Amino acid sequence: MKPAKFPGFLLANILVALLVGYLLDSWLHTSPVFIVAGVLYAVIGCLCGMPDRTTDELRQQFGTISRISLVLGAAGSLAALFWGLKAVCGVWAGLFMCLAGLAMIQTWAVRGTFTKMSGFKSYAGRYIFYGLVIAACLWLGVPVLSLVAGIALQKAALVIYPLLGKEDVDGPRYD
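What you see is a predicted model; the values in this text were computed from it and never measured.

A.B. asks: Where do I start with the nonpolar core in this structure?
C.D. replies: A general trend in soluble globular proteins is that nonpolar side chains are found buried together. If you look at the biggest cluster of nonpolar residues, it comprises 35 residues, and the most contacted ones within it are Ile14, Phe129 and Cys137. Elements supplying a minimum of two residues to this core: helix H1 (6-28), helix H2 (33-48), helix H3 (56-80), helix H4 (85-109), helix H5 (116-139) and helix H6 (144-163). Looking at which element gives the most residues to this core, the answer is H4, with 13 residues. When neighbours within four sequence positions are excluded, Cys137 is seen to be in contact with Ala93, Val142 and Leu147.

A.B. asks: I'm lost on the packing of H3 against H4 in this one. Help?
C.D. replies: The relative placement of two packed helices is expressed as an angle between their axes plus a distance between the axes. Between H3 and H4, whose axes approach to 9 Å, the crossing angle comes to 165°. Taken together, the axes of H3 and H4 lie roughly antiparallel to each other. H4 is crossed by H3, and the crossing has right-handed handedness. Within the contact between the two elements, H3 uses Leu58, Gln61, Phe62, Ile65, Ser66, Ser69, Leu70, Gly73, Ala74, Gly76, Ser77 and Ala80 and H4 uses Ala87, Val88, Val91, Trp92, Leu95, Phe96, Leu99, Leu102, Ala103 and Gln106. Class assignment of the residues belonging to the contact of H3 with H4 gives a composition of 15 nonpolar, 7 polar and no charged.

A.B. asks: Hey, could you run me through the side chain of Ser66 in this one?
C.D. replies: Along the chain, Ser66 falls in helix H3. Look at Ser66 and you get buried, because its relative accessible area is 13%.

A.B. asks: Explain H4 to me, please; I cannot follow it from the model alone.
C.D. replies: An ideal rise of 1.5 Å per residue puts 36 Å on 25 residues; H4 measures up with 36 Å between its terminal C-alpha atoms. Counting buried positions over the 25 residues of H4 gives 20, a clear majority of the element.

A.B. asks: Looking at this model, I keep getting lost on the packing of aromatic side chains. Mind explaining?
C.D. replies: The relative placement of two aromatic rings is captured by the distance of their centres and the angle of their planes. Summed over the entire model, instances satisfying the criterion amount to 5 aromatic pairs. Where Phe129 meets Tyr130, the ring centres are 6.1 Å apart and the plane angle is 50°; that geometry is what we call tilted. The buried category is assigned to Tyr130, whose relative accessible area is 12%. One aromatic cluster is present, formed by Tyr127, Phe129 and Tyr130 through successive ring pairs.

The rules behind the values
- Residues numbered from 1 in each chain as written.
- Predicted model: local features only at pLDDT ≥ 70, side-chain atom pairs only at ≥ 80, totals over all residues.
- Heavy atoms only, no water.
- Core = buried A, V, L, I, M, F, W, Y, C linked by side-chain atoms within 4.5 Å.
- Buried < 20%, exposed > 50% of the residue type's maximum accessible area, 1.4 Å probe, protein only.
- Helix = DSSP H or I, 4+ residues; strand = E, 2+ residues; numbered from the N terminus.
- Contact = heavy atoms within 4.5 Å.
- Axes fitted to C-alpha atoms, helices over the stretch in contact; angles between N-to-C directions.
- Parallel < 35°, antiparallel > 145°, perpendicular 65-115°, else oblique.
- Left-handed = near helix turned anticlockwise from the far one by under 90°.
- Nonpolar A, V, L, I, M, F, W, Y, C, P; charged D, E, K, R; others polar.
- Expected span 1.5 Å × (residues − 1).
- Phe/Tyr/Trp six-rings, centres within 6.5 Å; stacked < 30°, edge-to-face > 60°.

And the structure:
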């Protein structure tokens, strides 16, 4: 897949997952189980199929950050259980939304063409995606605070990553 097509591919998969999940949940009266499962499946599937032009270094970095995010997300989910299943779903929705945003940034970075317009399109597309995910969560009745918690947990993973002694984008870390 070409990097330029990744954001559109991700958005199309999420919209189809939302529609199919909504129909299944309406039919089986299981709201929001199939919506959440479908969106998670769509995002994880798209992230696993990141564009071929991403470098091995970026893939490794993304993998490490994703693993840290998943560990933090599991801890956040346990805390969110006190507020119910929708709060747990909100934590994961926020976390995966940010991971998808990170993948979009990395995809843009490997394109090789850095114009103001390409930067603007990447930025605008990412924030339209964020808006759609947040709107879908609000429509499903997911608590906003749990969504914010998921976002914060993924951002915490970005802070933890260089503290683990891993190489960052500027080169190796020397203490």
